Amino acid sequence: MSFQDPHHIRGTKRSKQMNAQGLTAFFRQIHESHPLDKITFVCIGTDRSTGDALGPLTGSELVLYGVPNVIGTLSSPCDAHNLESAIAEIPADHTVVAVDACLGHPGSVGSYLLSDEPLLPARSVGRMLPAVGHYSVAAVVNVNGPRPYSTLQMTSLYQVMSMAGQIAYAAAEGFGLSGAEAEARFKLWPLA
């Protein structure tokens, strides 16, 4: 499983906690410096844990919006078992945006930690996976506690799907892929 403790997401304090509205501005800023065809989204997680499914759900939505380079979808998750081989295949001239779920303080659930630095997958559980991304989005899906794996298993699917939909929609908006069709799709995600 890949998930974060917000205190172990990045090496410095350059991350910003944002609500969903801050996501679009974050992706627009990336788009100003990098064309979409030279960006690879690495959406980390597994479809075998509700809380950790944020990455694959986001990746699948990004593909549906027309994002050309996405690693980590529901049909082909990018988790601790294949992360290193997946990132080794990313072209050297691509900018990487990493997306992952994390656990945090009660007041931060539902927010996003955005950074122009990599995230460090699974550090909070003692795994030493490589840092991922030139930019990163960590979605705080639930409260951190003494049993993080159990917490992820019991995380609300609605919460995770809502946050994944918000990330994908904001990326589509930020990279100019949205329109009436994208907005209609987002309004249906997740199903009420």
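The sections below set out a description of the structure shown in this document. Since the structure is predicted, the reported quantities are computational estimates derived from the model, not experimental observations.

A short note on the overall build of the protein
Then, number 1: Secondary structure assignment for the protein yields six helices and six strands.
Then, number 2: Reading the secondary structure of the protein in the N-to-C direction produces β-α-β-α-β-α-β-β-β-α-α-α.
Then, number 3: Burial status across the protein gives 53% buried among its 192 residues.
Then, number 4: Considering only residue pairs separated by 6 or more positions, the protein has 78% of its internal contacts joining residues 24 or more positions apart.
Then, number 5: In the form shown here, the protein has an accessible surface area of approximately 8,800 Å², with 53% of it arising from carbon and sulfur atoms.

Quick look at the pairing of strand β4 (residues 95-104)
Then, number 1: With 10 of its 10 residues buried, β4 lies for the most part within the structure.
Then, number 2: Burial along β4 is two-sided: Thr95, Val97, Val99, Ala101 and Leu103 and Val96, Ala98, Asp100, Cys102 and Gly104, pointing in opposite directions, are all buried.
Then, number 3: Summarising the sheet, strand β2 (residues 39-43) and β4 pair through five bridges and their orientation is parallel. Counted as the bridge partner of Thr40 is Val96 from β4.

Remarks on the packing of helix α2 (residues 54-65) against helix α5 (residues 157-174)
Then, number 1: Two numbers describe how α2 lies on α5: the axes approach to 8 Å, and their chain directions differ by 35 degrees. Read as a crossing pair, α2 and α5 show a hand that is right-handed. Contact with α2, carried on its side by Leu54, Leu57, Thr58, Glu61, Leu62 and Tyr65, involves Val160, Met161, Met163, Ala164, Ile167, Ala168, Tyr169, Ala171 and Ala172 of α5 and no other residues of that element.

Examining the nonpolar core
Then, number 1: Ranked by internal contacts, the top residues of the largest apolar core, which has 37 residues, are Phe27, Phe41, Leu54, Val137, Val141 and Ile167.
Then, number 2: Of all the secondary structure elements, the ones that give two or more residues to this core are α1 (20-33), β2, α2, β4, β5 (112-115), β6 (135-143) and α5.
Then, number 3: Among the elements that take part in this core, α5 stands out by supplying 10 residues, more than any other.

A word on the sheet that holds strand β1 (residues 16-18)
Hydrogen bonding along the main chain pairs the strands of a sheet, whether they run parallel or antiparallel.
Then, number 1: The sheet built from six strands is open, its strands ordered β1-β5-β6-β4-β2-β3 with mixed pairing. Each end of this open sheet is capped by a strand with a single partner; those strands are β1 and β3 (70-71).
Then, number 2: Here β5 runs beside β6; their pairing, made up of four bridges, is antiparallel. Residue pairing for β6: Leu113 is matched across the bridge by Ala138.
Then, number 3: The sheet strands contacting α2 are β2, β3, β4 and β6, and the helix crosses β2 at an angle near 145 degrees.

Here's the deal with the side chain of Asn142
Then, number 1: Counting through the fold element by element, Asn142 comes out in strand β6.
Then, number 2: A polar side-chain atom of Asn142 sits 2.9 Å from a polar atom in the side chain of Thr155.
Then, number 3: Excluding residues within four positions of it along the chain, Asn142 makes contact with Cys102, Leu103, Gly104, Val109, Thr151, Met154 and Thr155.

With respect to the pattern of salt bridges
Then, number 1: Within the structure shown, the criterion is met by two salt bridges.
Then, number 2: Note that Arg28 is salt-bridged to Glu173, the shortest N-O span being 3.9 Å. On the criterion of sequence distance, the pair formed by Arg28 in helix α1 and Glu173 in helix α5 is long-range, its members being 145 residues apart.
Then, number 3: Given the relative accessible area of 25%, Glu173 is considered partly exposed.

Describing the pairing of β5
Then, number 1: Of the two faces of β5, both are covered, the one formed by Tyr112 and Leu114 as well as the one formed by Leu113 and Ser115.
Then, number 2: When β1 meets β5, the two strands line up antiparallel, connected through three bridges. Paired with Gln17 across the two strands is Leu113, which belongs to β5.

Things to note about the packing of α1 against α5
Geometry of a packed helix pair, given as the angle between the helix axes and the separation of the axes.
Then, number 1: Where α1 meets α5, the axes come as close as 8 Å, and the angle between the chain directions of the two elements is 40 degrees. Regarding the angle of α1 to α5, the classification is oblique. α5 is crossed by α1, and the crossing has right-handed handedness. For the pair α1 and α5, the contacting residues are Ala20, Leu23, Thr24, Phe27, Arg28 and His31 in the first and Gln166, Ile167, Ala170, Ala171, Glu173 and Gly174 in the second.
Then, number 2: Class assignment of the residues belonging to the contact of α1 with α5 gives a composition of six nonpolar, four polar and two charged.

Definitions and limits used
Residues numbered from 1 in each chain as written. Predicted model: local features only at pLDDT ≥ 70, side-chain atom pairs only at ≥ 80, totals over all residues. Heavy atoms only, no water. Helix = DSSP H or I, 4+ residues; strand = E, 2+ residues; numbered from the N terminus. Buried < 20%, exposed > 50% of the residue type's maximum accessible area, 1.4 Å probe, protein only. Contact = heavy atoms within 4.5 Å. Areas by Shrake-Rupley, 256 points an atom, 1.4 Å probe, with all protein chains shown as cover. Pairing = 2+ DSSP bridges. Axes fitted to C-alpha atoms, helices over the stretch in contact; angles between N-to-C directions. Left-handed = near helix turned anticlockwise from the far one by under 90°. Core = buried A, V, L, I, M, F, W, Y, C linked by side-chain atoms within 4.5 Å. Polar contact = N/O pair within 3.5 Å; in protein donor to acceptor, adjacent residues only side chain to side chain. Salt bridge = Lys/Arg side-chain N within 4 Å of Asp/Glu carboxyl O. Parallel < 35°, antiparallel > 145°, perpendicular 65-115°, else oblique. Nonpolar A, V, L, I, M, F, W, Y, C, P; charged D, E, K, R; others polar.

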